[in-house]
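Breakdown of the fold
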Amino acid sequence: MKNKKILYLGGLILLIVLIVLSIILLNKKDNNKIDNSKTLVEAALKNINKDSKEVYYKKFTGGEILNENTCFNRYAFISNNAIYIFNPQKLKTGELSYKKVYDIPSNINVINITPSWGSDIKFFDNNDTLYTLHDENIDNKVVDSYDMYEKATYKLSDSLKWTYSTEYLGKKIDYDFMSEYVYVKDNILYYKNYGNNKYPTIEKVNGNYEGEKIIRIYDERILKTDKNFYEIIRIFDNDLGREVLTTMKINLLSKYYNEVLTFTYDYVILKDYTLIPINDIMTNRFHKYQNNYFLDRPNDNEIVEGYEE
């Protein structure tokens, strides 16, 4: 009987010890999940398990010309109705990377630049017009290099100008913002699904952005609303048997929303012009973010949990 009491007592003590240890471990685990960072820079460094002594994020030299409406493609950007070309490699070294190539007339209100692999620079205005800043250097070779832009001789073309929706969508469409894959009307995204036809079918994009005010789209992929940042991604819809578009919330950018200024294909640019690699921000993404304008999608065996990064 005495031995049984000792066993019961020992078992009870062991159970209490295990419960206490479990609580401690759970609390420790939860505390590790808490982001106590005061800035996006601190949060990004924590994301990659580095500190400011190990990684120093450079700034966009001469960043005073940038604002929240500045739009980039790979080698050019438009800010305050002026067009610039820039060398993305120089951003990595903190050198002055850009030069102005054209002042857009004040009667043209630019809303977005377009992607381009040639030296021509195209952009949308707010009156459904697609303009071309044309390279008139006929000896300039089309190569994927900043040098091609430096050798260009630019002039705004009268002949390479179109009413965009009529020419490319097949009918006049009213929109608030236009980008490569989607356009915005009344805070809803609409996908331009070209398929095999000359003109696309227009599909509403369902996603967790809905109910928020859309501000603009950066790099054809990053959606800014009045509350959050999202990445526009492709997913396979089993019911429809094909790909559709949706949005994935970028949690860290959304948390430090007021620090973000604009984006290149490689970097988040903060309001103090600090450059943070996008892959230091989205470390929970389904795979590495690529420095281009193509919409990404999870692999077939990957699930985007709640469509948040």
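Above this text sits the structure in question.
Residues numbered from 1 in each chain as written. Predicted model: local features only at pLDDT ≥ 70, side-chain atom pairs only at ≥ 80, totals over all residues. Heavy atoms only, no water.

Turning next to the sheet that holds strand β11 (residues 182-185). Read from one edge to the other, the open sheet built from four strands follows the order β10-β11-β12-β13, with strand pairing classed as antiparallel. The sheet terminates laterally at β10 (177-178) and β13 (201-204), the two strands that pair on one side only. For β10 and β11, the ladder comprises two bridges, and the chain directions are antiparallel. The residue of β11 that forms the bridge with Phe 177 is Val 184. (Pairing = 2+ DSSP bridges. Helix = DSSP H or I, 4+ residues; strand = E, 2+ residues; numbered from the N terminus.)

Another point: the packing of aromatic side chains. With the rule as written, the count across this model stands at 21 aromatic pairs. Pairing Tyr 75 with Tyr 149 gives two aromatic rings, centres 5.4 Å apart and planes at 40°, and the pair type is tilted. Of this pair, Tyr 75 sits in the loop between β1 (71-72) and β2 (76-79) while Tyr 149 is found in helix α4 (residues 146-150), placing the two residues 74 residues apart along the sequence. In this structure, Tyr 75 and Tyr 149 share a single accessibility class: buried. With a centroid separation of 4.5 Å and an interplanar angle of 35°, the aromatic rings of Tyr 293 and Phe 294 are classed as tilted. We classify Phe 294 as partly exposed; its relative accessible area is 39%. Among the aromatic residues, those joined into a cluster by ring pairs are Phe 60, Phe 72, Phe 77, Tyr 84, Phe 86 and Tyr 98. (Phe/Tyr/Trp six-rings, centres within 6.5 Å; stacked < 30°, edge-to-face > 60°. Buried < 20%, exposed > 50% of the residue type's maximum accessible area, 1.4 Å probe, protein only.)

Below, the discussion takes up the nonpolar core. The biggest cluster of nonpolar side chains holds 27 residues, and the ones touching the most others in it are Met 178, Val 182, Leu 189, Tyr 209, Ile 217, Leu 223 and Ile 232. Elements with a minimum of two residues in this core: α5 (164-169), β10, β11, β12 (188-193), β14 (214-218) and β16 (229-237). Once you skip the residues sitting within four places of it in the chain, Met 178 turns out to touch Ile 111, Asn 112, Phe 124, Tyr 164, Leu 169, Tyr 183 and Lys 192. Counting residues in each nonpolar core, the second largest holds 22 residues, with Tyr 218, Tyr 256, Tyr 257 and Ile 276 among its members. (Core = buried A, V, L, I, M, F, W, Y, C linked by side-chain atoms within 4.5 Å. Contact = heavy atoms within 4.5 Å.)

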